[in-house]
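# Structure at a glance
Chain by chain, the residues:
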Amino acid sequence: MNERISTPLKTKEIIEKNKFSFKKNFGQNFLVDSNIIDNIIKAADIDKDDFILEIGPGIGSLTQALAENAKKVAAVEIDRNLIPILEETVGGYENVEIINKDILKLDINALVCEKNGGMPIKVVANLPYYITTPIIMEILEKNVNAKSITVMVQKEVAERMQAEAGTKDYGALTVAVKFYSDAKIDFIVPPNCFMPRPNVDSAVITLNISEKNRPQTIDETFFFRVVKCAFGQRRKTLINTLYNTGNFGISKNEIQNAVEAAGLSAKVRGEALSTEDFARLSDILYKKIYG
């Protein structure tokens, strides 16, 4: 095992040596606590059979531990200024491949097929706060062949993923997480575990991808179109929101009929619907629109 770089002293040394400047637009906060990194490895249940997609490796603190515990690591980093640093810190691991790409512009399914023969992967990441939701939604909605997603996110976002219907934290992200996975917050991470320190607590959450309890829908893309529209105007009733933002090409009265046919009140708001409610409603709307 190589010397850990996930300490304040070693991280500072690497940053100063490479004259690296943190970029706010990339939301860069590097982990400087080896115990937290070990706990992420445990939470993700990583072993020597696993192919890991790591998003945003930074200087490679988590990458190093992933390389020592997994079969293969594909580390996708958007900041080209970090590539020479990663080549220095983790380039010596034969099972690590550094990819200088924007994860949201990368065909993850194609990468999985090319690098892991289409077999299931595990996603592990210390995600930038500002882009957490788009990344999670991209992985889930594109049906990436993943066993699990273990990510460090803002504590508030982790709580949103586990929120219950009818609460203020419940939204489109919650529905997507519940639709595709069983989610569990593993542990909370305080600001002093990062460099630079964020202003809020973080949390590691694991989404175990499962089809076991997944509601059946006619069309998943249409299902999520309905879900996103339902939360587009949270203060309005579901009927008004769907009519105002959905562009479904049907009348408000027809939308009301669909809502009531799904066993819902005409006055209900989107945040009150369970994943199963959304599945039932989206199927009724789909049949009305597409026959």
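Residues numbered from 1 in each chain as written. Predicted model: local features only at pLDDT ≥ 70, side-chain atom pairs only at ≥ 80, totals over all residues. Heavy atoms only, no water.

### Re empty space enclosed by the protein
Quick note on the threshold: A 1.4 Å probe that fits into a set of points on a 1 Å grid over the protein atoms alone but cannot get out defines a cavity; an open set with protein on both sides within 12 Å along at least five of seven lines defines a pocket, and lining residues are those with an atom within 4 Å of a point. Grid points are joined across faces, edges and corners, and a volume is the space filled by probe spheres set on the points. A run of H or I in DSSP becomes a helix once it reaches four residues, and a run of E becomes a strand once it reaches two; helices and strands are each numbered from the N terminus.
Counted under the stated rule, the structure contains one cavity of 30 Å³ or more. Put simply, the largest cavity is a space of about 400 Å³. Forming the boundary of the largest cavity are 31 residues, of which Ile-55, Gly-56, Glu-77, Asn-126 and Pro-128 lie nearest the centre. Sorting the residues of the lining of the largest cavity by element identifies strand S1 (30-31), strand S2 (51-55) and helix H3 (61-69) as the ones contributing at least two each.

### Comments concerning H3
Quick note on the threshold: Buried, partly exposed and exposed residues are distinguished by accessible area as a fraction of the type maximum, computed with a 1.4 Å probe on protein chains only: under 20%, between the cut-offs, and over 50%, respectively.
Burial analysis of H3 places eight of its nine residues in the buried class, the great majority of the element. Of the residues making up H3, those classed as buried are Ser-61, Leu-62, Thr-63, Gln-64, Ala-65, Leu-66, Ala-67 and Glu-68.

### Here we look at the environment of Lys-24
As for its position among the elements, Lys-24 is in the loop between helix H1 (8-17) and S1. Between the C-alpha atoms of Lys-24 and Tyr-130, which are 106 residues apart in sequence, the distance is 9.8 Å.

### Some points on the nonpolar core
What counts here: By nonpolar core we mean a set of buried residues, namely Ala, Val, Leu, Ile, Met, Phe, Trp, Tyr and Cys, connected to one another through side-chain atoms within 4.5 Å. Contacts are assigned to residue pairs that have any heavy atoms within 4.5 Å of one another.
One finds Leu-53, Ile-136 and Leu-281 to be the most contacted residues of the largest nonpolar core, which totals 66 residues. Beyond its immediate stretch of four places on either side in the chain, Leu-281 contacts Val-226, Leu-238, Leu-242, Ala-258, Val-259, Ala-262 and Leu-273. With 26 residues, the next largest nonpolar core counts Leu-62, Val-124, Phe-187 and Val-204 among its residues.

### A closer look at the environment of Lys-252
Within the secondary structure, Lys-252 sits in helix H11 (residues 252-261). Setting aside anything within four residues of it in sequence, one finds Lys-252 in contact with Ile-239, Asn-240 and Tyr-243.

### A few points about the packing of helix H2 (residues 34-43) against H3
Going by this rule: Throughout, an axis means a line fitted to C-alpha atoms (over the contacting stretch in the case of helices), and angles, computed between N-to-C directions, take values from 0 to 180 degrees. An angle below 35 degrees is read as roughly parallel, one above 145 as roughly antiparallel, one from 65 to 115 as roughly perpendicular, and any other as oblique. Crossings are assigned a handedness: left-handed for a near helix turned anticlockwise from the far helix by less than a right angle, right-handed for a clockwise turn. Amino acids outside the nonpolar list (Ala, Val, Leu, Ile, Met, Phe, Trp, Tyr, Cys, Pro) and the charged list (Asp, Glu, Lys, Arg) are all regarded as polar, and Gly is one of them.
Their axes nearest at 10 Å, the elements H2 and H3 cross at an angle of 45 degrees. By the criterion of interaxial angle, the relationship of H2 to H3 is oblique. Handedness of the crossing formed by H2 with H3: right-handed. Contact residues: H2 offers Ile-37, Ile-40 and Ile-41, while H3 offers Ser-61, Leu-62, Ala-65, Leu-66 and Asn-69. Residue composition of the contact of H2 with H3, by class: six nonpolar, two polar and no charged.

### Focus on the side chain of Asn-126
Worth spelling out the cut-off: Identification of polar contacts relies on pairs of N or O atoms within 3.5 Å, with a donor-acceptor requirement for protein atoms, meaning one able to donate a hydrogen and the other able to accept it, and with residues adjacent in sequence counted only if both atoms are side-chain atoms.
Inspection of the secondary structure assignment puts Asn-126 in strand S5 (residues 121-126). At a separation of 3.0 Å, a polar atom in the side chain of Asn-126 contacts the main-chain carbonyl oxygen of Asn-29. When sequence neighbours within four positions are dropped, the list of residues in contact with Asn-126 reads Asn-29, Leu-31, Ile-55, Gly-56, Met-152 and Phe-194.

### Observations regarding the sheet that holds S2
So the rule is basically this: Pairing between strands requires that DSSP locate at least two bridges from one strand to the other.
With respect to topology, seven strands assemble into an open sheet ordered S4-S3-S2-S5-S6-S9-S7, the strand pairing being mixed. On the outer flanks of this sheet lie strand S4 (96-99) and strand S7 (181-189), each paired with one strand and no other. This sheet shows a mean twist of 15 degrees between the axes of neighbouring strands, independent of strand direction. Of the strands in this sheet, S2, strand S3 (72-76), S4 and S5 are in contact with helix H5 (residues 108-116), which crosses S2 at around 140 degrees. On the sheet, helix H8 (residues 172-180) packs against S7 and strand S9 (202-209) and is oriented at approximately 120 degrees with respect to S7.

### Brief notes about helix H9 (residues 220-230)
Those residues of H9 that sit buried are Phe-222, Phe-223, Phe-224, Val-226, Val-227, Cys-229 and Ala-230. If you follow the buried residues of H9, they end up packed against helix H6 (132-141), H8, helix H10 (238-245) and helix H12 (275-290).

### Details of the pattern of salt bridges
Where we set the bar: The term salt bridge refers to a pairing of a side-chain nitrogen on Lys or Arg with a carboxyl oxygen on Asp or Glu at a separation within 4 Å.
What the rule picks out here adds up to 19 salt bridges. A salt bridge links Asp-50 to Lys-147, with the nearest nitrogen and oxygen atoms 3.4 Å apart. You can see Asp-50 sitting in the loop between H2 and S2 and its partner Lys-147 sitting in strand S6 (residues 146-154), a full 97 residues away along the chain. Since its relative accessible area comes to 39%, Lys-147 is described here as partly exposed. Lys-168 is the salt-bridge partner of Asp-169, the closest N and O atoms lying 3.4 Å from each other. The network of salt bridges with shared partners includes Lys-72, Glu-97, Glu-114 and Lys-115.

### Here we look at the packing of aromatic side chains
Convention followed: Two rings belonging to Phe, Tyr or Trp (six-membered ring only in the last case) form a pair when the distance between their centres is within 6.5 Å. Interplanar angles under 30 degrees mark stacking, angles over 60 mark edge-to-face geometry, and anything in between is tilted.
Counted by the stated rule, this structure contains 14 aromatic pairs. A ring pair is formed by Phe-179 and Tyr-180, whose centres lie 4.9 Å apart and whose planes are at 80 degrees; its orientation type is edge-to-face. We classify Tyr-180 as buried; its relative accessible area is 2%. Among the aromatic residues, those joined into a cluster by ring pairs are Phe-179, Tyr-180, Phe-223 and Phe-224.

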